[in-house]
Every structure is written in structure tokens, then in C-alpha cells.
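Next come the chains, spelled out residue by residue.
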Amino acid sequence: MIRSTLLQRAQQDFEKAFGSADAPPRIAVAPGRINLIGEHTDYNDGFVLPMAIDRHIAVAFAPRTDRIVRAHAAEPGETRELSLDSLEQRTDGEAGKWGKRGGWFGYLAGVAWAMLGAGHALRGADLAIVSNLAVAAGLSSSAALEISVARALAAVSDLSWDPFSFAVLAQRAEHEFAGVECGIMDQLSVAVGREGCALLIDCRSLEARDVPVPENARLVVFDSGIRRDLASSAYNDRRAACARVVAAARSRHSWVRALRDVDDTLLTELSPYLDPVDVRRAAHVVAENQRPAGLADAFRACDLAKAGRLMMHSHASLRDLYEVSLPELDTLVELAVAEPGCVGARLTGAGFGGCVIALVEAGSVERVMSSVEAGYEERTGRSTMAFMCGPAGGASLL
Ligand code: GLA
């Protein structure tokens, strides 16, 4: 469900920033996402099981008669503009010109640039952007921004909306303008999510299958309060480690294209020729790649205990093999699963900060939330912002 207060805020901000027009602005919205399982597998051509959530970015928009895109963002309270003509002439990202890497306007410029590069004839627009999604918390606020802006620009330019191809363009924007070599999971889940469902995505074929979330399952997000900056984090290093293992595998077996094609036996065969750290990274990916299908089966069978176990295995692997957890995230996981009714928990997203998700039986949510909040403060001196999220639909136009 999209909260009506968010939509009202988008409309009010639009009028404050750009004045009231004859017709009220239209609104494009895109959700955030949590990833239930399948972490750091997307850029290895593997499987993921994300779920779009009922927290959104909303963009109130109206067309302009020129080729200028003017945008106001409530957070950080800034209005900026760009010319589509000058953007079109650029051959690469040059993020610096649009603000610091990863800045909100860089994402917006990146999306417009990628759409122009794909041959879409864009028209100018005024955009007012509001959000009830935490920024840089691992809930894909950047993908939600990219996809909601793409939806708005596509609407003013009379382009038909294909969520898959616009997700790929948004990923391109992230690579070129934000400097993050991210996979396709975030943009795809935000663009094509289905209400009531998680999505089992094959990141090689981009096939996405709906996986209904069991009725008695609740998903609770615990924000560690530690913000990570993906662009400056070790994300790209992890990706490079995977690429080294693929190169070693391919030099012996030419059919290997990605870690998705590597299994335990092959990894053991390659190990003597690889850095032991790279072997650990690959071992995580090889095992993690099996888990999305396992959790999807568990959800279909309404077997929450099995789903929870898989989440625990995933977290341990991210902590010990991929080394992207933090003591604070481990603490949140420990506190959550110590509570009856919480069947599993794990970090979600890239790691290095951000959020933990917990799978909780309906009826136990309040107690799990309050115990974890109290325990986290006691053990780390930090407070966690906990909220329950439901499975939402993907980007839409209102
Ligand atoms: C970030 C990236 C995704 C994915 C996750 C880790 O969210 O944007 O593409 O790689 O990290 O699973």
C-alpha cells in the first residue's frame, strides 16, 4: 500500500517548488526492497529472492515545453536542473559534474543519460521527489529513485513502460554515474515487484517468478543505524574477487562465464591456484546461489522453520566467508533469533551496515521488535529503528 500522506507531500512540494499549474501534477512511485536471500549472487549471474516493500519514493511531475529537467528533492531540500541537450552529447558518466558520486541528482542525471543513450526521445519535466524510505540503509533507495524518475520521464515523453528494459538502464546509470558496479537485483525488484509476493529472479536470463509470501509470515526490518556508502565500500572489491575466480576457472574450462557456472567440485579443483581469500568469497557465492530456490520452496510449502534456517545459513556465510557483516548486524541477528516466534534473520543488501531482516510468525512481531530494540541499545549503545514491511507492487503511475 502506498501511503496517502506521501502522495500529498509530493503534490505539495511540487506546488511549493514550481507553482501551481492548470492541471495537478501526476505522480510516479517506486518501492524500496528487502532481499530475502541470495546476496552477492546477482552480479555472478545467479539467483536472488527480493521483495518490494511498502515504503516508497514518490515523484510528482509535469511536462515542460523545453528540454530542461528541473528537480526538487525534499531530502536534502535542494532544487537543481540539467539540460537534456548537453546530457545527450556526453559519451560517458562523468559523475563529478553532477555532484558527489551517489548524490541524488547524480542518480537522476544518470537515468536521463541512460535513457537518451538507449535512443529514447526525452522531453523536459519538473519533478518533486519525496520519500519514506531510509537512504543508504540497504533498502534500495537509489534504485527506487532511479526507477521512479525513469517512470516519470517515460510518462512525460510518451514512452511505453517496459519494467525490464528500464531496470537495465537504471543499472547502467548506477554503474556510470554512481560508480557502483551493482548487479540487477535492486532495479529489477523495484520495477517489477508484485503485491503479496517476493520475486525469484534468475539474473542470467532476467526471468522473474512470483513467490507468494505465506500468510502467517511477517518481515521485520531492523536498521543498524550504520550508513554505508556503497561507492566507497568494498563492494567493487568483492566483485573483483569473483571475477578473478571466474578468470581462473575459464582458463581451464572455457564454458565458465560466471560464478553461477562453478560448483563445489570445480572450486576445489581451482583452489590451489587461487588466493585463499578469493576461494572463501567464491565459496559463499556457490552455496548462496542454491538458497533462493530453497527459500522459495519453503514459502510455497508455508514452512517458515526451513525458510528461517536458510536465512541463518546465509547470514553466517556473509559474515564468515564473504566478510560483509559488522558486529552490529550480527548482534541484531542474534537478538532477533533469541526471541520465540522469530525463525530466522540475516543482513539484507550489500552489507557493511544497513539493515537486518527477521522472519517472524504473525502474533510475535511486537514482542520481537521491542526485545531487539532494548537489547540492541544495551549491547551497542545505539538505537535501532524497527518496522514491519509488507510485500508491495513495483513502480507505478498514479
Ligand atoms: C547491492 C547491489 C545489488 C546486490 C546486493 C548484494 O544492493 O545493488 O545489485 O549485489 O548489493 O546482494
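Residues numbered from 1 in each chain as written. Predicted model: local features only at pLDDT ≥ 70, side-chain atom pairs only at ≥ 80, totals over all residues. Heavy atoms only, no water.

J.: Just to check I follow, could you spell out the sheet that holds strand β10 (residues 355-361) for this structure?
T.: Strands in a sheet are paired, the pairing made by backbone hydrogen bonds, and the direction either parallel or antiparallel. The strand order across the open sheet formed by four strands is β9-β10-β8-β11, and the pairing between neighbours is antiparallel. Either end of the sheet is taken by a strand with one partner, and the two such strands are β9 (342-348) and β11 (385-389). When strand polarity is set aside, the average angle formed by the axes of neighbouring strands in this sheet is 25°. Pairing of strand β8 (residues 217-223) with β10, which is carried by seven bridges, proceeds in the antiparallel orientation. Counted as the bridge partner of Val-220 is Ala-358 from β10. Sitting on the sheet, helix α13 (residues 365-380) is in contact with β8, β9, β10 and β11, with an inclination near 20° to β8. (Pairing = 2+ DSSP bridges. Helix = DSSP H or I, 4+ residues; strand = E, 2+ residues; numbered from the N terminus. Axes fitted to C-alpha atoms, helices over the stretch in contact; angles between N-to-C directions. Contact = heavy atoms within 4.5 Å.)

J.: Which parts of the structure should I look at to understand unusual backbone geometry?
T.: In terms of backbone geometry, most residues other than glycine have negative phi values and most peptide bonds are trans. Residue Pro-76 follows Glu-75 across a cis peptide bond; omega there is 20°. Within the secondary structure layout, Pro-76 lies in the loop between β3 (68-73) and β4 (78-83). Unusually for a residue other than glycine, Ser-140 sits at a positive phi of about 65°. The backbone of Leu-206 shows a phi angle near 65°, a positive value even though the residue is not glycine. Inspection of the secondary structure assignment puts Leu-206 in the loop between β6 (197-202) and β7 (208-212). Residue Leu-206 is classed as partly exposed on the basis of its relative accessible area, which comes to 22%. (Buried < 20%, exposed > 50% of the residue type's maximum accessible area, 1.4 Å probe, protein only.)

J.: Whenever I open this one, the site of the ligand confuses me. Can you help?
T.: All residues in the neighbourhood of the ligand are listed as Arg-33, Glu-39, His-40, Asp-42, Tyr-43, Cys-182, Gly-183, Met-185, Asp-186, Tyr-235, Gly-349 and Ala-350. One of the side-chain nitrogen or oxygen atoms of Asp-42 is found 2.5 Å away from an oxygen atom of the ligand. For the ligand, the protein covers 98% of the area, taking 310 Å² as the surface of the free molecule. Its residues assigned to classes, the shell around the ligand shows five nonpolar, three polar and four charged. (Near = heavy atom within 4 Å. Polar contact = N/O pair within 3.5 Å; in protein donor to acceptor, adjacent residues only side chain to side chain. Areas by Shrake-Rupley, 256 points an atom, 1.4 Å probe, with all protein chains shown as cover. Nonpolar A, V, L, I, M, F, W, Y, C, P; charged D, E, K, R; others polar.)

J.: What am I meant to see in the pattern of salt bridges here?
T.: Pairs may arise between side chains of opposite charge once their charged atoms sit close together. The final tally for this structure, using the stated rule, is 21 salt bridges. Each of Arg-64, Asp-66, Arg-70 and Asp-126 takes part in one network of salt bridges that share partners. (Salt bridge = Lys/Arg side-chain N within 4 Å of Asp/Glu carboxyl O.)

J.: Would you take a moment to explain the packing of helix α5 (residues 163-178) against helix α6 (residues 185-192) for this structure?
T.: Relative placement of two packed helices is described by the angle separating their axes and the distance separating the axes. Contact geometry for α5 and α6: axes closest at 8 Å, N-to-C directions at 145°. The interaxial crossing formed by α5 with α6 has right-handed handedness. Contact residues: Pro-163, Phe-164, Ala-167, Ala-170, Gln-171 and Glu-174 in α5; Gln-187, Leu-188, Ala-191 and Val-192 in α6. Residues that form the contact of α5 with α6 fall into these classes: seven nonpolar, two polar and one charged. (Left-handed = near helix turned anticlockwise from the far one by under 90°.)

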